[in-house]
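Per-entry structural report
Residue-level listing of the chains:
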Amino acid sequence: MLTLLQRQCAPGLFGQHLARHAMSAATPAASRSLRAPGEQLGVPVAIALLAGLAVGLPVAGVFASFFGGEATADTLRHLAATVIPRAALESALLSLMVVCGVVVLGAPAAWLVAAHEFPGRRLFEWALLLPLAMPAYIVAYAYTDFLQYAGPLQSALRESFQWGRGDYWFPEVRSLPGAAWVFAAVLYPYVYLLARTAFLTRTAAMADAARALGLSAFQAWWRVSLPLARPAIVAGALLALMETLADYGAAQYFGLQTFTTSIYRAWFSLGDRAAASQLAAVLLVVVLFIVWAEARARGRSRFFTPTTSQRPAPRTALSGARAGLAVLACTLPVVAGFVAPVILLVRLLVPAWGVVPWERYVAWLANTVFIALVAAIVALVAVLLLAYSARSVTRGLPKVLVQAAVRVMSLGYAVPGAVIAVGILIPLAALDRSLDGWARSLIGVGTGLLLTGSVFALLYGYLVRYFAVAHQSVDAGLARITPAMDASSRSLGAGPWETFRRVHLPILAPSALAAGLLVFVDVMKELPATLVLRPFNFDTLAVVAYQFAADERLGEAAAPSLAIVAAGVLPVILLSRAIARASGPQ
């Protein structure tokens, strides 16, 4: 059994230390190691619950807004009679189109790159991730400026064919389908990244079994590979869905009346933050229902896949027309989500080159990379702690509490960033006042605002906002770890955390790297929470890009937008290759 675990998990995984534990399997110490993991995780579970409480506090504050006053009820009645029906319809249609779009663009590309050999495959491995670095509202600006009636494309068509208004039909970019196209083009990497990680875990045994049953290549993909990758595909689609529901900038720019724009309307136009929080709570309930419905549809199904110790399935070489179609299927998403927007941004930047404040970009770039890197590390540590605690606690009240903490923390991704910011500022301001009063009574000197408007508050907001991004990726990786691995590890005398460090963590490495990448790039693009929570004189590239674009200075907005892309390209390439190496031979 020791040899089996060494081969199944990682080279030299347990070594002599666990061999000695295996030799004493009949001793009381070994018997104690066979206890249920929840019995050995009292302190870590307590830490996980405290972390869940701290991160879930702003989300809980959103739900607490239902205890508002009469003015809030009047506002809600007004919104329900005027904007909510249309907002609910447009949000549903937009979400449906985006989910279909990201799955259609991301899943086939992931399958082609992971399971086939064709010209340019190694290039597409990381190129398909590049749209992650593109903020949706910036892509909306770029496409709208180019495709609108007064844009260069339609102007050139009218001039070339002597057309006037009404002489031709051109799809309206500022529309629901136009917004869905932009969201799908920049969010499909969620599905691609997680699905590719899942497809890379295929083994030759699966392919041999499918062929022995007489399945064709397509049937084997449809009935074996695709179902095993379902958790990853659904996780990516849910991330794209929550990102779409929580977006404000692109939806507002396209003139859509979504649920989120209604939340901002209640907040800023009607001046009722409690009503906005109540609408956000309703949005959270919708997202929670979607997650519950997917879990219900999955039922008792489990999606375990063998580890990389088994012989990986060979890639299928494509040639001729099939290779050309594979290249086309991988090229179109990259062009739509990255190449075309970059070209359009460069086109806007060139005329404004002389007025861009280049000397200030070093500080903006340093702020962006620093805060994104720290946020990714903090989110990854929190996710690993909570996800593993939820897996390890097998029964009783601790299991229910840990699972509830994870679910509450995961809801933050569907809340608009500005609402999360207010939910954070309220408890932090109260804590600052308490600390200030305590310091004045003790030493006669106040502390002022230690937490509000600090980097800590900003990181707190990012953790609440993007916990779900990291959790979906790590949870999909945990789904591939069979309970037999835990049982075998405990039978060799390893405790829960040693099992996690030596067994689970090596297998989770691809998913953990994917989670870190997603959080890093998302934080670089985050706008609403950053605007509210950032310290004074702490501007990021996303904030600067928004400020320029809001002033219709699209040429100057193109510079920080391209800087976000440039700062995100290197991590995308390095982490993509690291994930591929950790998942199996290339």
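Fair warning: this is a prediction, and the values are worked out from it, not measured in the lab.

**A closer look at the overall build of the protein chain**
Each helix and strand in the protein chain was counted, giving 26 helices and 2 strands. Here the protein chain holds 586 residues, and 54% of them are scored as buried. Taking as baseline every contact in the protein chain between residues at least 6 positions apart, the subset at least 24 positions apart corresponds to 83%. Of the accessible surface of the protein chain, which amounts to about 25600 Å², a share of 67% is contributed by carbon and sulfur atoms.

**Overview of the pattern of salt bridges**
Opposite charge on two side chains lets them pair, provided their charged atoms get close. In the structure shown here, the tally under the stated rule is 9 salt bridges. A salt bridge links Arg121 to Glu125, with the shortest nitrogen-to-oxygen separation between them at 2.6 Å. Residue Arg121 and its partner Glu125 are both found in helix H7 (residues 121–127); the two are separated by 4 residues, about one turn of the helix. According to the relative accessible area criterion, Glu125 is buried, its value standing at 6%. Look at the salt bridges and you will find they share partners, linking Glu117, Arg121, Glu125 and Arg196 into a network.

**Focus on the packing of aromatic side chains**
With the rule as written, the count across this model stands at 9 aromatic pairs. An angle of 70° between the planes, with centres 5.2 Å apart, marks the rings of Trp111 and Phe199 as edge-to-face. Residue Trp111 is found in helix H6 (residues 84–115), and its partner Phe199 is found in helix H10 (residues 176–199); the two are separated by 88 residues along the sequence. In this structure Phe199 comes out as buried when scored by relative accessible area, which is 1%. For the ring pair Tyr137 and Tyr141, a centre distance of 6.1 Å and an interplane angle of 70° mean the geometry is edge-to-face.

**Some points on helix H8 (residues 136–147)**
Look at H8: 16 Å from first C-alpha to last across 12 residues, which is about the 16 Å you get at 1.5 Å a residue. Within the span of H8, buried status applies to Ala136, Tyr137, Ile138, Val139, Ala140, Tyr141, Ala142, Tyr143, Thr144 and Asp145.

**Remarks on the side chain of Asp145**
Residue position: Asp145 is located in helix H8. Since its relative accessible area comes to 17%, Asp145 is described here as buried. The contacts of Asp145, once residues within four sequence positions are left out, are Gly151, Pro152, Arg347, Leu348 and Leu554.

**Re the nonpolar core**
If you look at the biggest cluster of nonpolar residues, it comprises 177 residues, and the most contacted ones within it are Phe118, Leu128 and Phe199. Looking at this core element by element, the count peaks at 18 residues for H10. Those residues within four positions of Phe118 in sequence are excluded, and the remaining contacts are Leu112, Val113, Phe124, Leu318, Ala323, Ala326, Val327 and Cys330.

**Some thoughts on the packing of H10 against helix H13 (residues 230–246)**
Axis separation between H10 and H13 bottoms out at 8 Å; the angle between their running directions is 155°. Considering their axes alone, H10 and H13 lie roughly antiparallel with respect to each other. Between H10 and H13 lies a crossing whose hand is right-handed. Where H10 abuts H13, its residues Phe183, Leu187, Tyr190, Val191, Leu194, Ala195 and Ala198 lie against Ala232, Ile233, Ala235, Gly236, Ala237, Leu239, Ala240, Glu243 and Thr244. For the contact of H10 with H13, the class distribution of residues is 13 nonpolar, 2 polar and 1 charged.

**Side note on the environment of Ala87**
With respect to the secondary-structure elements, Ala87 resides in helix H6. Expressed as a C-alpha distance, the spacing of Ala87 and Ser262, which sit 175 residues apart in the sequence, is 6.9 Å. Residue contacts for Ala87: discarding those within four places in its chain leaves Gln257, Thr258, Phe259 and Ser262.

**Quick notes on the packing of helix H15 (residues 259–269) against helix H20 (residues 417–443)**
At a closest axis distance of 10 Å, the pairing of H15 and H20 adopts a crossing angle of 50°. By the angle between their axes, H15 is oblique relative to H20. Of the residues in H20, those in contact with Ile263, Tyr264 and Trp267 of H15 are Gly417, Ala418, Val419 and Val422.

**Re the confidence of the model for the protein chain**
Per-residue pLDDT for the protein chain averages 76, and the proportion of residues at 70 or more is 80%. The least confident element of the protein chain is helix H1 (residues 2–9), whose mean pLDDT is 34; the most confident is helix H17 (residues 320–349), at 91. Taken as a whole, residues 1–41 scores under 50 in pLDDT and shows 66 contacts with residues more than four places along the chain or in a different chain.

How each quantity is defined
- Residues numbered from 1 in each chain as written.
- Predicted model: local features only at pLDDT ≥ 70, side-chain atom pairs only at ≥ 80, totals over all residues.
- Heavy atoms only, no water.
- Helix = DSSP H or I, 4+ residues; strand = E, 2+ residues; numbered from the N terminus.
- Buried < 20%, exposed > 50% of the residue type's maximum accessible area, 1.4 Å probe, protein only.
- Contact = heavy atoms within 4.5 Å.
- Areas by Shrake-Rupley, 256 points an atom, 1.4 Å probe, with all protein chains shown as cover.
- Salt bridge = Lys/Arg side-chain N within 4 Å of Asp/Glu carboxyl O.
- Phe/Tyr/Trp six-rings, centres within 6.5 Å; stacked < 30°, edge-to-face > 60°.
- Expected span 1.5 Å × (residues − 1).
- Core = buried A, V, L, I, M, F, W, Y, C linked by side-chain atoms within 4.5 Å.
- Axes fitted to C-alpha atoms, helices over the stretch in contact; angles between N-to-C directions.
- Parallel < 35°, antiparallel > 145°, perpendicular 65-115°, else oblique.
- Left-handed = near helix turned anticlockwise from the far one by under 90°.
- Nonpolar A, V, L, I, M, F, W, Y, C, P; charged D, E, K, R; others polar.
- pLDDT = per-residue confidence, 0-100.

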